[in-house]
Amino acid sequence: MIITLTPNPSVDRAYDLDVLQLGEVNRADAVHVDAGGKGINVSRALAANDVQTLAVLPVGGHDGDLLVALLEPTGVAVRAVPLPGRTRSNVTLQVASGVTTKVNAPGPVLDDAGQAELFAAVAAAVGPGDVVVGAGSLPRGANDRFYVALGEVVRAAGAHLVLDTSGPAFDAAVAVGGLALVKPNDEELAELAGRPLPTVGDVVAAAREVVALGTTRVLVSLGSHGALLVSADAACWAGGPALVPASTVGAGDTTLAGFLAASGGDLDQVDDAECLRTAVAWGRAAVLLPGTAVPTPDLIDARAVRVDLDLDPTTPIKEL
Ligand SMILES: Nc1ncnc2c1ncn2[C@@H]1O[C@H](COP(=O)(O)OP(=O)(O)O)[C@@H](O)[C@H]1O
Ligand SMILES: O=P(O)(O)OC[C@H]1O[C@](O)(COP(=O)(O)O)[C@@H](O)[C@@H]1O
């Protein structure tokens with residue numbers, strides 16, 4: 001079973017515009033409202049591809065009710081933990097040229113009691129061999145060691161922790177280690193490493209520093225340049241021609257979902273190249289969909305993805 005925990009979920013509202021004019025009245029051609037937040041998107045993408053998953057999330061207020069209602073038809077099993085405060089709404093402005101502008105709200109405060117309730121919900125659901133995905137930013141009030149504490153809950157159950165977050169929470173979890181997989185994008189990995197990562201060799205070296213601290217695999221998404229998968233003894237890249245996105249929101253989450261789906265939920269037996277190919281195929285399919293929509297199997301084309309196990313480390317990421 002793949003369980004996701006999204007400590008700061010969102011109702012995602014995406015506005016499609018021809019062009020965006022700052023300081024002017026902009027009129028949208030369409031508005032998309034989706035259940036959002038990184039773990040929730042992972043679960044939605046899995047469920048859309050018939051992979052069983054449970055999403056654990058805090059909810060509060062009107063948008064909390066709306067979030068649960070939006071998840072109802074998706075096939076995701078939901079454990080919604082009612083907490084004080086109101087679930088946030090994140091806004092995306094999507095222009096026809098493919099440029100995506102996001103405004104993420106801070107969300108409600110999560111206090112120690114709320115954190116304990118979320119961990120209890122995960123502990124009640126997780127069993128040996130399961131995969132728990134901790135994903136997204138931390139709400140105000142949450143300790144930077146939130147995902148470290150989640151790791152203790154997950155490992156106590158004999159399960160694997162996968163992480164997709166950024167900033168101090170990512171830093172703290174990587175420093176402690178014991179992670180099966182992390183999914184930064186190249187900017188998040190550069191922030192963690194504390195230096196720019198312009199080439200393939202730079203990204204692989206930074207990912208190997210994460211591996212050396214006790215993470216088995218690092219899946220680095222590179223936007224239109226595909227993704228790199230790095231472990232202690234291997235590095236491979238997958239990608240394809242750049243696409244003009246209908247929306248990049250949720251593409252990273254869908255990429256992670258594709259990787260987990262291809263692994264069959266067994267992170268002890270991963271075929272790196274095939275899991276990476278599937279991950280990139282899912283991400284590419286996601287960017288062609290509006291808002292935070294997730295692709296179904298008919299929209300995913302793994303054959304369009306090229307895998308390279310022997311990339312020249314001097315290759316600039318921008319040339320992939
Ligand atoms: N413009 C694009 N063209 C083709 N693929 C893309 C494009 N943008 C994103 N992708 C795909 O989506 C994946 C995730 O995108 P990325 O922006 O790296 O994630 P995140 O949303 O986590 O920052 C990439 O690895 C790539 O496969
Ligand atoms: O938790 P954060 O970092 O504020 O991000 C939350 C937002 O990111 C998303 O999960 C999308 O993530 P990605 O675009 O990185 O795949 C949205 O659904 C959500 O609104």
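Computed from a predicted structure; not experimentally measured.

Engineer: So what's going on with the site of ligand 2? Which residues, and what values?
Structural biologist: Surveying the vicinity of ligand 2 reveals 19 residues, the closest of which are Asp 12, Lys 38, Asn 90, Lys 102 and Ser 137. The separation between an oxygen atom of ligand 2 and a polar side-chain atom of Lys 102 is 2.8 Å. One of the backbone N or O atoms of Gly 250 is found 2.9 Å from an oxygen atom in ligand 2. Contact with the protein chains covers 88% of the free accessible surface of ligand 2, which is 480 Å². Structurally, ligand 2 is housed in the largest pocket. Elements supplying a minimum of two residues to the shell around ligand 2: strand 2 (10–17), helix 1 (38–48), strand 6 (88–95) and helix 8 (251–262).

Engineer: Let's hear about the sheet that holds strand 4 (residues 53–59): which residues, and what values?
Structural biologist: Judged by pairing direction, the sheet is mixed, and its ten strands sit side by side in the order 5-4-1-8-9-10-11-12-13-14 without closing on themselves. Each edge of the open sheet carries a strand with a single partner, namely strand 5 (77–82) and strand 14 (306–308). Each strand axis lies, on average, 20° off the axis of its neighbour in the sheet, ignoring direction. As defined by bridge partners, strand 11 (residues 215–221) adjoins strand 12 (residues 227–230) across four bridges and the pair is classed as antiparallel. Considered in strand 12, the bridge of Ser 221 is made with Ala 227.

What counts and how
- Position numbers for residues count from 1 along each chain, tracking the sequence in the order it is written.
- Going through the entries in the order they are written, you letter the chains from A and number the ligands from 1.
- With the structure being a predicted model, the display of local features is reserved for residues of pLDDT at least 70 and the display and counting of side-chain atom pairs for 80 or more, all residues being used for whole-chain, interface and lining totals.
- Computation of side-chain values covers all heavy atoms of the structure but excludes hydrogens and water.
- A single heavy atom is enough: if one lies within 4 Å of a molecule or strand, its residue is considered near that molecule or strand.
- Counted as a polar contact is a pair of N or O atoms within 3.5 Å, where, for protein atoms, one must be capable of donating a hydrogen and the other of accepting one, and residues adjacent in sequence contribute only when both atoms are in side chains.
- We get accessible surface area from the Shrake-Rupley algorithm with a probe of 1.4 Å; when it comes to residues, only the shown protein chains can shield them.
- Cavities and pockets were defined on a 1 Å grid built from protein atoms only: a cavity is a group of points that admits a 1.4 Å probe but offers it no way out, a pocket is an open group of points flanked by protein on both sides within 12 Å along at least five of seven lines, and a lining residue is one with an atom within 4 Å of any such point.
- Each molecule is checked against the cavity or pocket grid, and it sits inside if more than half of its atoms lie within 2 Å of the grid points.
- Put simply, DSSP H or I for four residues or longer makes a helix, DSSP E for two residues or longer makes a strand, and each gets a number counted from the N terminus.
- Strands qualify as paired when DSSP identifies two bridges or more between them.
- A fitted line through C-alpha atoms serves as each axis, taken over the contacting stretch for helices, and the angle formed by two N-to-C directions is quoted from 0 to 180°.

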